[in-house]
Amino acid sequence: MEKLEAALAKAREMRKSTGGTLQSQHAPVTPKAIPVGDWSSLPEVKLTPARMQRNRITAVLGGKNATPYDMLRSRTIRLMREKDWNRLAVTSPGAACGKTTVSFNLALSLSRQKDLRVMLFDLDLRRPALHRVSGLVPPHSFHEVLDGRVSFEEQAVRIGENLILAMNATACRNPAELLQASRTGEILDEIERTWHPDVMLFDMSPMLASDDNVGFLGNVDCALLIAAAERTTLPNIDICEKELAQLTNVLGIVLNKCRYADKLVGYSYDSYS
Ligand SMILES: Nc1ncnc2c1ncn2[C@@H]1O[C@H](COP(=O)(O)OP(=O)(O)OP(=O)(O)O)[C@@H](O)[C@H]1O
Ligand SMILES: [Mg+2]
């Protein structure tokens, strides 16, 4: 707990020193000397429909099952555009609230808008899951990019024309140190300057499990907090929302895993024909 308090204080200081404003964007306007990354040069990977269905990745093709994520996409993108934000972290109070599921679905939903270039990073470095959920084996882990052992180009893969995934094949041994390192912020800035994504999404670890995210959240513009219905307690949502608000801008709280879905959400116009 003391460690968490100290990390929070450090992160607050960092935010203050950068102005702590909503406009404290990370990557400056692209200098002319930096080569622009060619998205089509990254290896393209394909998702398997059966695996996607099994893992509740329903936003691949659109339609009724994608509706909740498309609604989340519309609200997210509207708020982020209003504020000129492009980096969004997804976290939750405890484990298994659905961060990876929501992040991946949101990334796919965003990427169905062809004018948006989207990057999804697996930053749950203790228990990376994006490679398991997607069924894709990355050639290297993104933590190796953060460690400086591998270049982003060697690591990243592409789905379609406008979605890049930065996954991990293995867990990382020093997640807190790596996520809090100033070099990590510089690497993200470099990636942003080179590849010009419109949205950078970060699938994070749970907030109450460790202080991994605390030093990192100064690198993002905003965060979504995922709570699991009938599982995440209100006091825990409250604690985490307050903590998040000290580190970044809270875009909203998503209540996931509701058993009784609103029948109006995701209804199909086709059913009237
Ligand atoms: N809306 C939902 N309804 C039912 N099950 C869900 C829903 N969203 C996710 N799940 C399931 O809950 C489990 C945990 O989901 P997920 O891995 O996305 O959570 P997480 O918050 O990323 O977990 P972790 O803390 O381990 O990283 C998975 O089996 C997933 O398929
Ligand atoms: Mg996860």
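The structure under discussion appears in the preceding block.
This part is about the pairing of strand 7 (residues 249–256). Bridging between strand 6 (residues 222–228) and strand 7 involves 7 bridges; their strand directions are parallel. Bridge pairing links L224 to G252 in strand 7. Traced from strand 6 through helix 10 (residues 234–247) to strand 7, the parallel crossover comes out right-handed.

Across its 17 residues, helix 3 (residues 67–83) extends 24 Å between first and last C-alpha, which sits within 8% of the 24 Å expected from 1.5 Å per residue. Listing the buried residues of helix 3 in full gives T67, Y69, D70, L72, R73, T76, I77 and M80. In this structure, the buried side of helix 3 is in contact with strand 1 (87–91), helix 4 (99–111), strand 5 (199–203), strand 6 and strand 7.

What the second largest pocket holds in volume is close to 460 Å³. Ranked by residue count, the leading element in the lining of the second largest pocket is helix 2 (residues 49–54), at 3 residues. Here the lining of the second largest pocket is built from residues that sort into 10 nonpolar, 9 polar and 4 charged.

Before going further, it helps to spend a moment on unusual backbone geometry. With a phi angle near 60°, A96 is a residue other than glycine that sits in the positive phi range. As for its position among the elements, A96 is in the loop between strand 1 and helix 4. A96 sits in the partly exposed class, given a relative accessible area of 42%. In the Ramachandran plot, H196 falls in the positive-phi region, its phi being about 50° despite a non-glycine side chain. You can see H196 is positioned in the loop between helix 9 (182–195) and strand 5. Its relative accessible area of 30% is what places H196 among the partly exposed residues.

The sheet built from 7 strands is open, its strands ordered 3-4-2-5-1-6-7 with mixed pairing. Either end of the sheet is taken by a strand with one partner, and the two such strands are strand 3 (157–159) and strand 7. Sheet twist, expressed as the mean angle between neighbouring strand axes with direction ignored, is 20°. Across 4 bridges, strand 1 lies against strand 5 in parallel orientation. The residue bridging R87 from the neighbouring strand is M200, located in strand 5. In this fold helix 3 packs onto strand 1, strand 5, strand 6 and strand 7, with an angle of close to 175° to the strand it touches most, strand 7. Contacting strand 1, strand 6 and strand 7, helix 10 crosses the sheet at an angle of about 170° to strand 6.

Calculation rules
- Residues numbered from 1 in each chain as written.
- Chains lettered and ligands numbered in written order.
- Predicted model: local features only at pLDDT ≥ 70, side-chain atom pairs only at ≥ 80, totals over all residues.
- Heavy atoms only, no water.
- Pairing = 2+ DSSP bridges.
- Helix = DSSP H or I, 4+ residues; strand = E, 2+ residues; numbered from the N terminus.
- Right-handed = clockwise from strand over helix to strand, strands pointing away.
- Expected span 1.5 Å × (residues − 1).
- Buried < 20%, exposed > 50% of the residue type's maximum accessible area, 1.4 Å probe, protein only.
- Contact = heavy atoms within 4.5 Å.
- 1 Å grid on protein atoms, 1.4 Å probe; cavity = no way out; pocket = protein on both sides within 12 Å on 5 of 7 lines; lining within 4 Å.
- Points joined across faces, edges and corners; volume = space filled by probe spheres on them.
- Nonpolar A, V, L, I, M, F, W, Y, C, P; charged D, E, K, R; others polar.
- Axes fitted to C-alpha atoms, helices over the stretch in contact; angles between N-to-C directions.

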